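# A look at the structure
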Amino acid sequence: MKITIRHWHAIAQWRWDIGGTSDHDDADAEDDVCGICRVPYEGCCPACKMPGDDCPLIWGECSHVFHMHCLLKWLGTAASKQQCPMDRRPWVTAERKIAQPVAPAALPSTAPS
Amino acid sequence: MATDAVRAQVAAKWQDSFNRLNRGQPGITGLMALSEAWNIASEFLHPRDLTTTPTQKEPNMSAIKIAFDVLSKSRMLPMILESFLEDMRKQQHLITAEVNTYMSEFENSSDPRVIGRLVHRLVEWYKAWHPAPELGHTILSAYTLSFQTHVFSVLPPSFPRAFKALVTSTLPKLASDEDQEDEEPPDMSVWGSFETLGLVERYESLIASVCYEHIEAYVLEECRGKWSESMLTGLREWMATKVVPWMVYSYARGAKTPDEAKHMLQGVGSRFDFHICKTLCDLRTSEIFDIIIDYPDSLNALNDLRECLQRVDQRAELVSTLRYANKKRLLHPGADTKDILTQYVSIIRCLRIIDPPGVLLFKVADPIRRYLRERSDTIRCIVASLVGDGESGDSLVDENEPIQPLQTAEVEDYADPHWEPEPIDAGPDFRTNKPSDVISTLVSIYDSRDLFVKELQVLLAQRLLATKDGNFEKERRNIEILKVRFGEAALQVCEVMLKDMTDSRRIDQHVQSQKASVIHPTIISRHFWPPLQATNIVMPGQLQEMQESYAKEFTTFKPDKKLSWLPHLGTVHIDVELTDRTVSTQVPPLEAAFIELFLEKDLWTIEDLVAKLGGVDKASALKSLGTWVDLGVLKEEEDFKYRLLETAEAETSGGRAHAPRPAIAEEPLAVVTVQQQQAEQMRVFWKFIEGMLTNLGSLSLDRIQTMLKFAPTYDRNIDQLGAFMEAARREGLVTVQDGMWKLNKK
């Protein structure tokens, strides 16, 4: 027997590659929310209407992830002192590289809870 | 012993009388003349028997005149009148006999003409006994009164019925009587006789009732079931041409000029006009349900009804009739929700014609709305018609109706110079400025619009996921329309869904250009789609390879994102090449996965298959395998074992009657419906309730509701909670006593 797929109309969901999580614990990653607006990463920040590329995430060196708009707004306030709202370390935006999934274990202690 | 005084008195009286009668004539010549005159007069007045004395010599009027003069001078006229009436009384048996004869003839034949003849005969008697008009008014009226009294006293109880038949026969014929049409036109002269005999006065109400019945019969005959044309003007015309001439006989006798006749007819005419309206109104009221079904063909009937209702106050009857009809014919389990909605919309439109302020509608609609609220699929039906159901052509929404935002009832603006008070029969809850737009009305059945939006999402998701050719322009258009109605914000989510669709296509084009693949996914933003049934099926073999390679390309294209597949959704066009044949079909991915597994080995048990794929329940596994068995690719053996048929089975087994599966009969409901979502939510709340009841013992429903309100997503009202608790009680989880709920201790 030989099986040929002619055409496959599939359905898939996209999600942000937050790093540190691999495919098998998807279920745990279900409810990751932005620490500022408490909306899931795959949702959009309160100011946006379209999720995805229109409302991207921003990664910090401190391993915390937020909606970019949320974080920029936070950093724009005087009270922020340019610190990460989660751990009060100075906010440094992490360089995101495509290569990141290759070494997810490089940040063992930084996986978001 | 008479005294002298008495004697003298008697003598004086005697002398006095004598002088009066003798009128001072010499001797007793005066008395003689008087006696002569008396004889002439009584002979003249004597009521003769018409039956036996057919001819009679012409009375000498001058002699009679002199005789009456004499009597008058002697003040004997009352006496002669008395004696005349006495004579009449003696002769009355003649009339009685005739009346009885005619009546018994009528009893036998039921022919109103007999009564006509009776009436004419009575008039003959009346005329025959009639004293000469010269004798003065007193005698005439005394005579007439006495004659009529007698006639009325001898008429048997059956006479009114007979009289009615006679009156009826004088009316213009109805269409239904055409077949038995009389050759002779109705005898209108009887009306003159009625008048003479005083029958018109005596039987006035009876004559009116004849006319009423006539009108009723005509209206029912002409108008029943004819809703497409306006009837009222036709009826009034008929009234003017047919009934009014008749009324001239009955009600305007003696009118000398047309104006006078008009004046006399005015009162009775408006009564009859009212009766026309009332009859038509009754008829239309009884037909109202079917009239509404026929809308808009029955528009004219509705206009008639509106006009009638302005004249006749039958609004309450209309409401109760329609409510009853709705209850009996519409609001029962056998009726399709879509039909109920269609009829409801028609009712809205029709009653708006009859009663623009909407009081009637408000009263009629209430039970329908309450009933619809209880139906589980109402929202789905409304939403389906909102987005224009593909299969059923008739949409609830009129295409021509301008699309407008949903209206909500506003607070009355008393500063408005055009403000009008509520109609007098409006109920306490009535609001004048209710939303008039049909969709607004339908949506307002429910308190919240969220339900509609949610259902809309589910429906849209189902449709979008089912599109294969990527053509969803229709959905886009629908969403644009609905945005106008529900507002931009409510449909934001739908907007995202549509954007996902376009994005998916763009991404797919890019990915395909990088690395061609047969897999064309729709990539969705999961928080903006209704919850999709989750599974963790692992696709086998080449299917998985395809997924992985596509996902890799995707991640290259969008470095920050990754894909997770929903393997149970979508469709696969698959060719299965076997030794002797090729089966080409479209199946859900799950079924493709099953057949893919048969590449590894030819014989599988169902348990092994399920274990291999993971996350498949046995029922859907059986269904999937059933597809391939039906297609003749697999064969079911005992103990749920399946074998691949590399060569087709012999005809003997192929001939067995297995029902050919309809290609893609019903798309499995991929999207979790709103109800399921709610049930899922309630399960969460049950944990809260359980906790509460454990900690606090027994609680009233109010308390539970108050406490649940602290939960962030709780949006049920107390009735829903009550229903839920009731369900929990049926399952034996809780008990209730005096309104206090507590956990059922096991």
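Reading the values: rules and limits
Residues numbered from 1 in each chain as written. Chains lettered and ligands numbered in written order. Predicted model: local features only at pLDDT ≥ 70, side-chain atom pairs only at ≥ 80, totals over all residues. Heavy atoms only, no water. UniProt positions renumbered as here; feature names shortened; annotations may be inferred. Helix = DSSP H or I, 4+ residues; strand = E, 2+ residues; numbered from the N terminus. Buried < 20%, exposed > 50% of the residue type's maximum accessible area, 1.4 Å probe, protein only. Contact = heavy atoms within 4.5 Å. Areas by Shrake-Rupley, 256 points an atom, 1.4 Å probe, with all protein chains shown as cover. Pairing = 2+ DSSP bridges. Axes fitted to C-alpha atoms, helices over the stretch in contact; angles between N-to-C directions. Parallel < 35°, antiparallel > 145°, perpendicular 65-115°, else oblique. Nonpolar A, V, L, I, M, F, W, Y, C, P; charged D, E, K, R; others polar. 1 Å grid on protein atoms, 1.4 Å probe; cavity = no way out; pocket = protein on both sides within 12 Å on 5 of 7 lines; lining within 4 Å. Points joined across faces, edges and corners; volume = space filled by probe spheres on them. Buried area = accessible area lost by both parts, 1.4 Å probe. Salt bridge = Lys/Arg side-chain N within 4 Å of Asp/Glu carboxyl O. Polar contact = N/O pair within 3.5 Å; in protein donor to acceptor, adjacent residues only side chain to side chain. Core = buried A, V, L, I, M, F, W, Y, C linked by side-chain atoms within 4.5 Å. Left-handed = near helix turned anticlockwise from the far one by under 90°. Phe/Tyr/Trp six-rings, centres within 6.5 Å; stacked < 30°, edge-to-face > 60°. Lys NZ or Arg CZ within 6 Å of the ring centre and 35° of its normal.

An unreviewed UniProt entry annotates chain B as Anaphase-promoting complex subunit 2 of Jaapia argillacea MUCL 33604. UniProt annotates chain B under Sequence similarities (unreviewed entry) with the comment "Belongs to the cullin family."

By the naming in an unreviewed UniProt entry, chain A goes by Anaphase-promoting complex subunit 11 and is assigned to Jaapia argillacea MUCL 33604.

## Examining the overall build of chain A
When its secondary structure is counted, chain A shows two helices and three strands. Ordering the α and β elements of chain A from the N terminus gives β-α-β-β-α. Burial status across chain A gives 43% buried among its 113 residues. At a minimum sequence separation of 6, the contacts of chain A that also span at least 24 residues come to 48%. As presented, chain A carries roughly 6,100 Å² of accessible surface, and 56% of it is formed by carbon and sulfur atoms.

## Some words on the overall build of chain B
A tally of regular secondary structure across chain B gives 29 helices and nine strands. Taken over 746 residues, chain B has a buried fraction of 44%. Summarising the internal contacts of chain B: among those between residues at least 6 apart in sequence, 69% fall at separations of at least 24. When the accessible surface of chain B is totalled, it reaches about 39,300 Å², and 54% of it is carbon and sulfur.

## Considerations on the sheet that holds strand β4 (residues 603–605) of chain B
Residues and elements named next belong to chain B. Pairing is antiparallel across the open sheet formed by three strands, whose spatial order is β4-β6-β5. The two strands at the open ends of the sheet, each matched to only one other strand, are β4 and β5 (634–637). The sheet shows a mean angle of 25° between the axes of neighbouring strands, taken without regard to direction. Pairing of β4 with strand β6 (residues 641–644), which is carried by three bridges, proceeds in the antiparallel orientation. Directly across from W604, in β6, lies its bridge partner Y642.

## Digging into the packing of helix α23 (residues 589–597) of chain B against helix α25 (residues 618–630) of chain B
Residue and element names in this part refer to chain B. Two numbers describe how α23 lies on α25: the axes approach to 9 Å, and their chain directions differ by 70°. Considering the angle they form, α23 stands roughly perpendicular to α25. Contact with α23, carried on its side by L590, E591, F594 and I595, involves S620, A621, K623, S624, L625, T627 and W628 of α25 and no other residues of that element. Looking at the contact of α23 with α25 residue by residue, the class counts come to six nonpolar, three polar and two charged.

## Section: empty space enclosed by the protein
Residue and element names in this part refer to chain B. Overall, the coordinates contain three cavities of 30 Å³ or more when judged by the stated rule. In this model, the second largest cavity occupies a volume close to 60 Å³. Surrounding the second largest cavity, V387, L456, L459, L460, R463, E475, N478 and I479 form its lining. Of all the elements in the fold, those that place two or more residues in the lining of the second largest cavity are α19 (450–466) and α20 (473–486). With four residues, α19 is the largest single contributor of residues to the lining of the second largest cavity. Along the lines of polarity and charge, the residues of the lining of the second largest cavity split into five nonpolar, one polar and two charged.

## Quick word on the pairing of strand β1 (residues 2–16) of chain A
Among the 15 residues that make up β1(A), 11 are buried, leaving the element largely enclosed by the rest of the structure. Direction of pairing for β1(A) relative to strand β2 (residues 561–577) of chain B: antiparallel, over a ladder of 13 bridges. When the sheet's bridge partners are listed, W16(A) is paired in β2(B) with K561(B). Direction of pairing for β1(A) relative to strand β1 (residues 522–524) of chain B: parallel, over a ladder of three bridges. From the neighbouring strand, Q13(A) faces β1(B), where its bridge partner is I524(B).

## Comments concerning the interface of chain B and chain A
With 49 residues of chain B at the contact, the number on the chain A side is 35 residues. Taken together, both faces of the contact between chain B and chain A bury some 4,400 Å²; the carbon and sulfur share is 56%. Contact with chain A buries surface across chain B, with R526(B), D560(B) and K562(B) losing the most and accounting together for 18% of the total. Scanning the region where chain B abuts chain A turns up five salt bridges. We note a salt bridge from D54(A) to K499(B), for which the minimum N-O separation is 3.7 Å. At the junction of chain B and chain A, the tally comes to 23 residue pairs in polar contact (both at pLDDT 80 or more). Of all the secondary-structure elements, those providing two or more residues to the side of chain B that touches chain A are α21 (492–514), β1, α22 (541–557), β2 and α23 of chain B. Per-element tally for the side of chain B that touches chain A: the top contributor is β2(B), with 15 residues. Among the residues forming the side of chain B that touches chain A, the class breakdown is 26 nonpolar, 12 polar and 11 charged.

## Quick word on unusual backbone geometry
Residue and element names in this part refer to chain A. Phi at K81 takes a positive value of approximately 50°, unusual for a residue other than glycine. Here K81 lies in the segment after α2 (68–76). Among the residues examined, K81 registers a relative accessible area of 64% and is labelled exposed. Although it is not a glycine, R88 sits at a positive phi angle of roughly 60°. The exposure class of R88 is partly exposed, given its relative accessible area of 44%.

## Some remarks on the nonpolar core
The nonpolar side chains of soluble globular proteins are, as a tendency, buried together. If you look at the biggest cluster of nonpolar residues, it comprises 219 residues, and the most contacted ones within it are F147(B), F194(B), I574(B) and I595(B). Among the elements that take part in this core, helix α12 (residues 258–294) of chain B stands out by supplying 12 residues, more than any other. Leaving out residues up to four positions away in the same chain, I574(B) has contacts with I3(A), T4(A), I5(A), V583(B), S584(B), T585(B), V587(B), A592(B), I595(B) and W628(B). Grouped together as the second largest cluster of nonpolar side chains are 17 residues, M682(B), I689(B), Y714(B) and L721(B) included.

## Let's talk about the sheet that holds strand β9 (residues 740–743) of chain B
In a beta sheet, neighbouring strands pair by backbone hydrogen bonds and run either parallel or antiparallel. Residue and element names in this part refer to chain B. The antiparallel open sheet is built from three strands, whose spatial order is β7-β9-β8. With one partner strand each, in any of the chains shown, β7 (699–700) and β8 (734–737) form the two edges of the open sheet. Across four bridges, β8 lies against β9 in antiparallel orientation. By the bridge assignment, V734 is partnered in β9 with L743. Across the sheet, helix α29 (residues 718–730) is in contact with β8 and β9; its angle to β8 comes to roughly 115°.

## Some remarks on the packing of helix α28 (residues 701–708) of chain B against α29(B)
All names here are of chain B. Two numbers describe how α28 lies on α29: the axes approach to 10 Å, and their chain directions differ by 115°. The orientation of α28 relative to α29 falls into the category roughly perpendicular. For the pair α28 and α29, the crossing hand works out as right-handed. On α29, the residues touching L701, D702, I704, Q705 and L708 of α28 are I718, L721, G722 and M725.

## Describing the packing of aromatic side chains
Tallied over the full model, the rule gives 12 aromatic pairs over all chains. Taken together, a centroid distance of 6.5 Å and an interplanar angle of 35° make the contact between F452(B) and F486(B) tilted. Highlighted residues: F452(B) in helix α19 and F486(B) in helix α20, separated in sequence by 34 residues. With respect to burial, F452(B) and F486(B) carry one shared label: buried. Through a chain of ring-to-ring contacts, the aromatic side chains of Y446(B), F452(B) and F486(B) assemble into a single cluster. K561(B) extends its terminal NZ or CZ atom over the ring of W16(A), reaching a point 5.4 Å from the ring centre.

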